[in-house]
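Structural overview
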Amino acid sequence: MPTEPASDPGPDPGPDPGEQRRVRPGTAEDVPTLARLHLAARESAAASQPQAMPPTLHSESETVQWLMGNLPRTELWVAEIPDEGGDDDLLGYAELEDGWLNALYVDPAHQRGGVGTMLLDLVKARRPQGFALWVFETNRPARDFYAASGLVELDHTDGSGNEEQAPDLRMAWLGLDPLGYLTGELAVVDRTLRELHERRQALLSRLANLPGGASTRTR
């Protein structure tokens, strides 16, 4: 499924004073509506900014299956307008997994009305140690929204790791201890470099043991 965490949630001028909105944990009963919201947000963004948002690759039933499959291991939060009759109006959702914001989508009819900010504030409260997300490199509106909300850009990729094969970048909210967050990120990079160096040395050793290996050794 898409790694893109948001379509175009902002900028947010703020909520309608007449709306009573809340954020609550999502349930399996919400998933069919959230799947339709998810696809509507992607399709709206792709239609309004075709150069910024690749088209979705999945059907509604596949999106339902994806969200359902994520429930056991993720936190699902939904923004809604409560209805006394029980027919609540779902405005958007956020999905969290460990230190990642996997998804943040807002219904196109409610974008730029504070819903994205409300959900992102909830994510910050749930992950005070910080979190990261992926966003398409061309999705400038989403990048601007996250930057205005205090997130910083960390990594750029060629998109080979996402389904859309579109260049993306990793952004992060550094949490209440930015130094600690970045130090942790650096430790991960250092560990990866050590592992790569060990693999390289093992390959060089194997190469040296081949006939003619000493003359073809990479320096």
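A brief structural summary. (Residues numbered from 1 in each chain as written. Predicted model: local features only at pLDDT ≥ 70, side-chain atom pairs only at ≥ 80, totals over all residues. Heavy atoms only, no water.)

Of the residues making up helix α2 (residues 60–70), those classed as buried are Thr-63, Trp-66, Leu-67 and Asn-70. Along the axis of α2, the buried positions cluster into a sector of 95°, meaning they face one direction only. Seen from the open side of α2, the exposed residues pointing more than 90 degrees away from its buried face are Ser-61 and Gln-65. Buried residues in α2 make contact with α1 (31–48) and β3 (89–97). (Buried < 20%, exposed > 50% of the residue type's maximum accessible area, 1.4 Å probe, protein only. Helix = DSSP H or I, 4+ residues; strand = E, 2+ residues; numbered from the N terminus. Arc of directions from axis to C-beta. Contact = heavy atoms within 4.5 Å.)

Buried residues dominate strand β4 (residues 100–106), accounting for six of its seven residues. Pairing analysis gives six bridges linking β3 to β4, with the strands arranged antiparallel. Across the sheet, the residue bridging to Glu-95 is Ala-103, located in β4. Linkage of β3 to β4, two consecutive antiparallel strands, is achieved through a turn of two residues, within which Asp-98 is found at a positive phi near 55°. (Pairing = 2+ DSSP bridges.)

A few words on the pattern of salt bridges. For the coordinates displayed, the defined rule picks out 12 salt bridges. Among the salt bridges present, the one from Glu-97 reaches Arg-73, with a minimum N-O distance of 3.1 Å. You can see Glu-97 sitting in strand β3 and its partner Arg-73 sitting in the loop between α2 and β2 (75–81), a full 24 residues away along the chain. Here Arg-143 ties to Glu-153 by a salt bridge, and the two come within 2.9 Å at their closest N and O atoms. With Arg-143 in helix α4 (residues 140–148) and Glu-153 in strand β6 (residues 152–157), this residue pair connects regions lying 10 residues apart in the sequence. (Salt bridge = Lys/Arg side-chain N within 4 Å of Asp/Glu carboxyl O.)

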